[in-house]
Structures are given as C-alpha cells and as structure tokens.
Amino acid sequence: MDELKEVMITTDEIRTDEYLINMGPQHPSTHGVLRLLVQLEGEIVHNVQPHIGYIHSGIEKMTESLSYPQIGHLTDRMDYLSAHQNNEAVALCVENALQIEVPDRVKYIRTIMSELSRLASHQLWWCVMGMDMGALTTFFYGLRDREDILDIFEETCGARLTVNYSIPGGLMFDIHPNFQRDVKAFITKFRTKLPEYDRLLSGNVIFTERTKGVGFLSKEDAIAYGVTGPTARASGFACDLRKHRPYSAYDKVNFNEVLSDVGDTYARYQVRMQEMWESMNIIEQLIDNIPEGDYAVKMKGVVKLPEGEFYQRVETARGEFGVFIVSDGKKNPYRVKFRSPGFSNLFTINHIAKGWKIADLVAIMSTFDLVIPDIDR
Amino acid sequence: MAFNIYDFTTLTKSIHEGLSSQLSPTATLAIEWTIVGLAYLLFVALFGLFLVYAERKVCAAFQQRMGPMRVGPWGLLQTIADFIKLLMKELITPRDADKFLYNLAPFIVIIVSFLVISVIPFAPGLSTFDFDIGIFFVTAVSSVGVIGILLAGWSSNNKYSLIGAMRSGAQIVSYELSVGLSLITMIILAETMQISGIVEGQREMWFIFKGHIPAVIAFLVFIIAGTAETNRGPFDLAEAESELTAGFHTEYSGIKFAFFFLAEYINLFIVAAMATTVFLGGWMPLHFGDFEGFNQIMDLIPGLFWFFFKVLGVIFLMMWFKWTFPRLRVDQILNLEWKYLLPINLFNILLMAAVVLFGLHF
C-alpha cells in the first residue's frame, strides 16, 4: 500500500508545461499570411490567438482618393474568390445612392455570375479542406471543375480571378454569345462530378470520424460573434441574405436556404456541399430566361453621390459582405468601410478550437473558408 | 561464369570458386563482402529512385495529371535530377540543435533500413543472410528505426519536429505489435522462423491461400500496420504537412533530408517485400493444385520477376491508400491499434493455432 502511495505521489508530481507555437505567418494550413499563436499542452489546444496585419494593404484608405467606379476594382483584391460579389456590392451601393434602376438583364447576369463565383469558391474550399485533412487528391478534383468556371469568366470579361465585371450602372460588357451554352454545359457536367466529391471525401470513414462531433459552434455564439455565411447556417442561424434581403434577381428564383442545427465541423462541410447544389438550381432557373435589353444604364462621366451614408450588403461565398459609404457629395467618398465575413468568422476560432487537438484546429479553420486579404484589408 | 536466371546459386557459386582459386580465403571473403555491399547500395539507390518516380506517376494517375514529363522521356530522369539537386544543397544545422544527435539521426534511420533489407530473399539463391530467426531479426531491427526519428525530432530543437517525433514514436511502437503478431500468426502456419524455410513452405500453395481466413485477416492487419510503420498516409502524422509543416524532418536539408526520404521508400519496399515473402509466396510462382499445364507455364517465369511483380503490387496498394484517404488524428490512430487491430490479432492467433492444430488448412 505504501508503495502504491509513493507511485501516486510521483505521478502527481509529473507536470506537463504548456508551450506556445506560432502557426504562421508562413504555414501550409493558414492559407495565407495569418499567424495563429497556439497554446498547447501536448497535442491539446488550450488557447488560439489569431494575429493579423501581415498583408494589410490599406484598401479602405485608398478608396478615399478614388472615384466610385474605381472602388470596385480594389474590392476584387480583397476576397479574390468572391470577386464578383464584392464588385456587385459596391455597384449596388452606388446605384441605390443614386437611385438608379438597372435593367433586368443586368440583374439576371449578376445573379448568375454571383452563383458561378460561389460555386468556384466552394470548389476551391473543398480542395483545400481535403488537403488540410491529408487527402491530397481532392485538390486536383476540385481544380479540374473550377477550371470550367474560370474559362466562362475569362470568356465573359477577360479575367479569370479578379473579374471586375459589375460596375455602378450595370456591367462592364455584355455576355459572350456562347455564355448560356457554356454555363449549361458546365452545370450538366458538374451535376455528374459533384457526387464524385462525396464518394472521395464525404463518405470516407476517416473523414467522418475526424469531423463529426468536432468543433461545435452554437447558434447563440454564432450570433454573438457576428458569424455569417455557411459557417453560421451550419449552426442553425438563418442568415442567408439572398433569401432574407433579396437583391439583384434573387427574388425571382426558388431555392432552399441550407441549414443545419448541429454546428460541428461536419455540418459546416455539408452546408457548403449542399449550397453547391442550390447554386446550380439557381443558375438553371435563370440561364434560359435572361431578358433582352441593355447591359448597362448610361452614367454620367463623373459619378457623384449625394451627401449621406449608404450601406449595401450581399451574400458572398463566405458570408455577409457589407459596403458602407459616407459621402460628402464629392466625386470621392469621404470614408468607406467594408464589412468582411472572414474577419468575424476567424475570431470565433479560440471559442471553438479550445480543448480540441492540433489536427482538429486545422480542420476547424478549414471549414471557415478563410481568405486572408479579406480579413486583413 | 555460369548464369541461370532460375537459380542464382550457380552464379554465386561460380564467382566464389573463381575467386578462391586465385586468392586466399580471407581476401575472397573481403572481396565477396564488398561486392554484396555495393550490390545492395546500388539496388537501394536505383530502386529508391524508381519508387519515387513510380509514386509520382501513380499519384498523378489518381489525380488526373501526367506527373513529371519534361526531364527525359516521360520524365524518367526527373528523380535523378532531384537527387543531384539534393546532393548539392547546403546542409543546414540549426544554431541551438544538439549537433551530434542531429547529424547521427538520419544515419540510424538509413542503416536500419539497410539491415532489414539484407535478409530478404529476392530470388532462389539471391539472399545474403539466412538465419534460423529471420523473422525475429526483421521485427527486432526495424524497431530501432524509431530511435532515429525520435532523435531527429528531439535534436532539431523545433517544436513542430518534437511533436512529429513524439507522434511517430507513439505510432511506431504501437503498430510494431500488430506487425509482430500478424507475422507470428503466419509463423504458426509456416512452423519456422527461417525466411528461406518460409518461402520453401509455399512451393505448393502460398500461405495466404493455405491459411485461408486467419491468413487473410493477418495479411490485412499486416498491410495496415505496415503502412503505419512506414509513416505513410493515411498514417503520416509524423510529418503531417498541413499541421506540422514537415514534422520530424522540418529542419533537415540536402542529403540528410534525402536519407529520411530514401529510408521512407526503402521501408515501403521492406513492408511490401515482407508481405510478399510471408503471405504471397516470396519468389515462388503461382500454383494451382492439380493444373499441371498451368503450373508448368507459371514455372517458366523466373523467381526474380515473381518477387518484384508481387512487391510492386503491394507497393501500388499502399500508394493507393496514401493518395485516397485523409489523415487520421493521433488519438484515432492509437485507438485503431489498441482497440481494434490488437484484439483482432490476438483472436486471429488463436484461430490460426486451431486451424493448424486440427489440420483445417489446405
């Protein structure tokens, strides 16, 4: 008995120290120059402190010396995977301020382009999610299909990533004559390719073991932290602006807001997978019904907004993107503030990842679908 | 010099007789050792390069790519170019590293791999050591490799390396049990631990067929545990790129990194070769009981081809795992071993013992 006591005392005296590691600014799973200061005890995460500022480009300040049509060009460079939606947000904000009604043709094309870029963004997210979990083949499956969308973008507006297609007053150019044919061909093809994604990753027993029941975010916490987008919808927070504050042609289509009330890593994964199906539904409803008409309204050479404050938000692939313009009636804005979805989503990481393992931290971070220039404008 | 592709003993015997007729026994032995050593070095270097190339092409096929295509025809010279690049790179030693252990670690890893390879019979008459405890030697020596990995992680003085090394230590020590126990299962059937005896015992029928259910279970367990032993995906936690950048070899560069890299591929070969030798008949051709014509045609294919055909098949299977599955988490990897593979293995040994005792095998 005494011997047992001795053993117990010695095991009590064995103490493990917590230690800090820097994940980033250069690290394969932060997908950019994000630095996470992680406090670990063995493999278990005790505290995560995100540090941003490594890629700060001062876009908000730069806009103060630019005219309104020029602002859109910078928003491409923030969340480069939702470039079109960011352009659209600025365009809608300026149009609302000037009380311009754009033709239906513009609304339809903007909606289709929005959904195409949502698809492209979710595809890349899926690639990277697989890679973060160690399944390297996913990357090439996703990029293969994303290539088709980028080809459509290139044909439409000349750019593949920073599309710069929506401008205040309408679109930069009209769509290419092949646009409808190509989009329909892509949808038909991708409907057969998306089940492959499920076969490769979603149904894999290792993947489900690693994601189900890991990294919970409750609905209350999601609302409290200002989480939006698929990350919040996986926690049951109905926040899809396309449904609740429809803009462009979203009021003309039927689609489901994908919701889950589980809130774990797997739910966040599934919500995005289902959103890809919904995006394809939306595009299919619109693509054959693009009305004839002008692709832009005639704008004045120098766009001047009336004095006041204007806010417009859109649903990007990552969540709610907001543009807040304070105008003093001149051709440049007085102040512009962008509300980026990634910023609010990122700062829940300490709340979610605490108590899980390093591998879970990587998986959780992956389901936020972070784009660092979006966080660090 | 008599050369017979079906039986290499004629070749080795003629070399031995030729040398000993000219030289003293000591000099003969020295020259023979040198030839054998050089042959192994050459084989490991060439086969290692080939496996790297094969892995790239296999993974490219899974990922709908071409793989290397530019250097040489079909990119055949790509791995050689990479190897030359690795040779010429600067060897970096971190300032606060434990320099002696840091430099020692890659050698431990590679020496262990060379030691294990020495007992594998490639073809009739083409094996170096043939102990009566061959299987025991393999399991004993291969477990020394983990010391190299642990030392590499510890001496690098890098937290990522340390986490990777600790993961690797926990993983390899655990999975050694499964490798050992599944080999023991087959030893019960083979009734010998001598590797040449095990191969000889499969002349009529490979052990995976002879031992039917318990042998198939042991084979599956061996492949899973063997993949874990080699630190390859889905068990590549030790280097887990997305979590630990490169795990235990984060700080290594140039030829020292190449040693770890080469050792990984030699270990891949070793696991495949052990699976071939113990379960799939080694260099023995495929025989079906009474089909005399079929058996004679199979006998025409030399043992060396049979061996490499089977080894490459198993290697392809393990590459398939790596390029399809996501990585496991560290607690799951230990759960899999201690809660599933180990009990299955222990039960399987009893099953095999019963099968052998009551003569239920073919």
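It should be emphasised that the depicted structure is a prediction, and the values quoted were computed from it without experimental measurement.

**Focus on the overall build of chain A**
Looking only at helices and strands, chain A features 16 helices and eight strands. Taken against the 2.2 N^0.38 rule, which gives 21 Å for 377 residues, the C-alpha radius of gyration of chain A at 23 Å falls within 12% of a compact globule. Seen through its C-alpha atoms, chain A measures out along the principal axes to roughly 90 × 50 × 35 Å. Split into buried and exposed, the 377 residues of chain A put 49% on the buried side. When contacts within chain A are restricted to residue pairs at least 6 apart in sequence, long-range pairs at least 24 apart make up 69% of them.

**Overview of the overall build of chain B**
Scanning chain B for helices and strands turns up 15 helices and zero strands. A compact globule built from 362 residues would reach a C-alpha radius of gyration of about 21 Å, and chain B, at 21 Å, matches this within 12%. Long-range contacts, defined as pairs at least 24 residues apart, comprise 77% of the intrachain contacts of chain B with a sequence gap of at least 6.

**Description of the sheet that holds strand E8 (residues 335–339) of chain A**
All names here are of chain A. Across the sheet, which stays open at both edges, the three strands sit in the order E6-E7-E8 with antiparallel pairing between neighbours. The outermost strands of the open sheet, each flanked by one partner alone, are strand E6 (308–315) and E8. Strand after strand, the sheet turns through a mean of 10 degrees between neighbouring axes, direction not considered. When strand E7 (residues 320–327) meets E8, the two strands line up antiparallel, connected through five bridges. When the bridges of E8 are listed, Phe324 appears paired with Lys337. In the packing of helix H4 (residues 83–98) onto the sheet, the strands contacted are E6 and E7, and the crossing angle to E6 comes to about 145 degrees.

**Details of helix H5 (residues 104–132) of chain A**
Residue and element names in this part refer to chain A. For H5, with 29 residues, the first-to-last C-alpha span of 42 Å sits near the 42 Å given by 1.5 Å per residue. By the criterion of burial, H5 is predominantly enclosed, with 26 of the 29 residues buried. Two residues or fewer after H5 comes Gly134, characterised by a positive phi angle close to 95 degrees.

**With respect to the domain arrangement of chain B**
Residues and elements named next belong to chain B. Partitioning chain B into domains gives domain 1 (1–66) and domain 2 (96–357). The centre of domain 1, based on its C-alpha atoms, is set 21 Å off from the matching centre of domain 2. On the side of domain 2, 19 residues touch domain 1, which itself brings 17 residues to the contact. Here the side of domain 1 that touches domain 2 takes 11 residues from helix H2 (residues 25–62), the largest share from any one element. Classifying every residue of the side of domain 1 that touches domain 2 by side-chain character gives 12 nonpolar, three polar and two charged.

**Here we look at the packing of helix H12 (residues 265–287) of chain A against helix H15 (residues 358–368) of chain A**
Two measures define how a pair of helices packs: the angle their axes make with one another and the distance between the axes. Residues and elements named next belong to chain A. Viewed as axis vectors pointing N to C, H12 and H15 meet at an angle of 30 degrees, and their least axial separation amounts to 9 Å. Here H12 is positioned roughly parallel relative to H15, judged by the angle of their axes. Crossing hand, H12 versus H15: left-handed. Two secondary-structure elements touch here, H12 through Thr265, Arg268 and Tyr269 and H15 through Ala363, Ile364 and Thr367.

**Some words on the interface of chain A and chain B**
Listed by partner, the interface residues are 26 residues for chain A and 22 residues for chain B. Looking at the side of chain A that touches chain B, the elements that each hand over two or more residues are strand E1 (19–23), H5, helix H6 (138–157), helix H8 (205–211) and H15 of chain A. Partitioning the side of chain A that touches chain B into residue classes produces 13 nonpolar, six polar and seven charged.

**Here we look at the sheet that holds E1 of chain A**
Residue and element names in this part refer to chain A. The strand order E1-E2-E3 describes an open sheet built from three strands, whose pairing is antiparallel. At either end of the open sheet lies a strand with only one pairing partner, and these are E1 and strand E3 (44–51). Strand-to-strand twist across the sheet, computed as the mean angle between neighbouring axes with direction ignored, equals 25 degrees. With seven bridges connecting them, strand E2 (residues 35–41) and E3 associate as antiparallel partners. Paired with Val38 across the two strands is Val48, which belongs to E3.

**A short note on helix H12 (residues 254–278) of chain B**
Helix length check: H12 of chain B (25 residues) gives 36 Å between terminal C-alpha atoms against 36 Å at 1.5 Å per residue, within 8%. For H12 of chain B, a buried count of 21 out of 25 residues is recorded, marking the element as mostly surrounded by other parts of the structure.

**Topic: the nonpolar core**
Counting 192 residues, the largest nonpolar core has Leu361 of chain A together with Val109, Met186, Phe269, Ala272, Ala275 and Phe279 of chain B as the members making the most contacts within it. The leading source of residues in this core is H12 of chain B, at 16 residues. Viewed by domain, this core spans two of them, domain 1 (1–66) and domain 2 (96–357) of chain B, each represented by three or more residues. Setting aside its immediate chain neighbours within four residues, Leu361 of chain A contacts Val38, Val45, Val48, Ala353 and Trp356 of chain A.

**Things to note about the pairing of E6 of chain A**
Here E6 of chain A runs beside E7 of chain A; their pairing, made up of eight bridges, is antiparallel. Directly across from Arg313 of chain A, in E7 of chain A, lies its bridge partner Gly322 of chain A.

**Here's the deal with the packing of H2 of chain B against H12 of chain B**
Residues and elements named next belong to chain B. Here H2 crosses H12 at 90 degrees, and the two axes come no closer than 9 Å. It follows from the interaxial angle that H2 and H12 lie roughly perpendicular. Contacts from Val44, Phe47, Gly48, Leu51 and Val52 of H2 reach H12 at Leu262, Tyr265, Ile266, Leu268 and Phe269.

**Looking at the confidence of the model for chain B**
Per-residue pLDDT for chain B has a mean of 84; in total, 98% of the residues score no lower than 70. Reported for the predicted complex are a pTM of 0.85 and an ipTM of 0.79.

**So, the environment of Phe8 of chain B**
Within the secondary structure layout, Phe8 of chain B lies in the segment before helix H1 (9–22). Dropping the residues within four chain positions of it, Phe8 of chain B is found in contact with Ala123, Pro124, Gly125 and Leu126 of chain B.

**Points about unusual backbone geometry**
Residues and elements named next belong to chain B. Despite not being glycine, Trp74 has its phi angle at roughly 55 degrees, a positive value. Positive phi, close to 60 degrees, is recorded for Asn231, a residue that is not glycine. By the element assignment, Asn231 lies in the loop between helix H10 (212–229) and helix H11 (241–244). We classify Asn231 as buried; it has 27 C-beta atoms within 10 Å.

**Comments concerning the environment of Leu346 of chain A**
Residues and elements named next belong to chain A. Residue placement: Leu346 occurs in helix H13 (residues 341–346). Through-space distance from the C-alpha of Leu346 to that of Ile375 is 8.2 Å; in sequence the pair is 29 residues apart. If we skip the residues at most four places from it in the chain, Leu346 touches Pro50, Phe368, Leu370 and Ile375.

**What about the environment of Phe316 of chain B?**
All names here are of chain B. Position of Phe316 relative to the elements: it lies in helix H14 (residues 303–322). According to the C-beta neighbour criterion, Phe316 is partly exposed, with 13 such atoms within 10 Å. Separated by 262 residues in sequence, Phe316 and Ala54 place their C-alpha atoms 8.9 Å apart.

Rules used in this analysis
Residues numbered from 1 in each chain as written. Chains lettered and ligands numbered in written order. Predicted model: local features only at pLDDT ≥ 70, side-chain atom pairs only at ≥ 80, totals over all residues. Helix = DSSP H or I, 4+ residues; strand = E, 2+ residues; numbered from the N terminus. Rg over C-alpha atoms; globule rule 2.2 N^0.38 Å. Buried ≥ 20, exposed ≤ 12 C-beta atoms within 10 Å, placed from the backbone. Contact = placed C-beta atoms within 7 Å. Pairing = 2+ DSSP bridges. Axes fitted to C-alpha atoms, helices over the stretch in contact; angles between N-to-C directions. Expected span 1.5 Å × (residues − 1). Domains from an automatic or database assignment. Nonpolar A, V, L, I, M, F, W, Y, C, P; charged D, E, K, R; others polar. Parallel < 35°, antiparallel > 145°, perpendicular 65-115°, else oblique. Left-handed = near helix turned anticlockwise from the far one by under 90°. Core = buried A, V, L, I, M, F, W, Y, C linked by C-beta atoms within 7 Å. pLDDT = per-residue confidence, 0-100.

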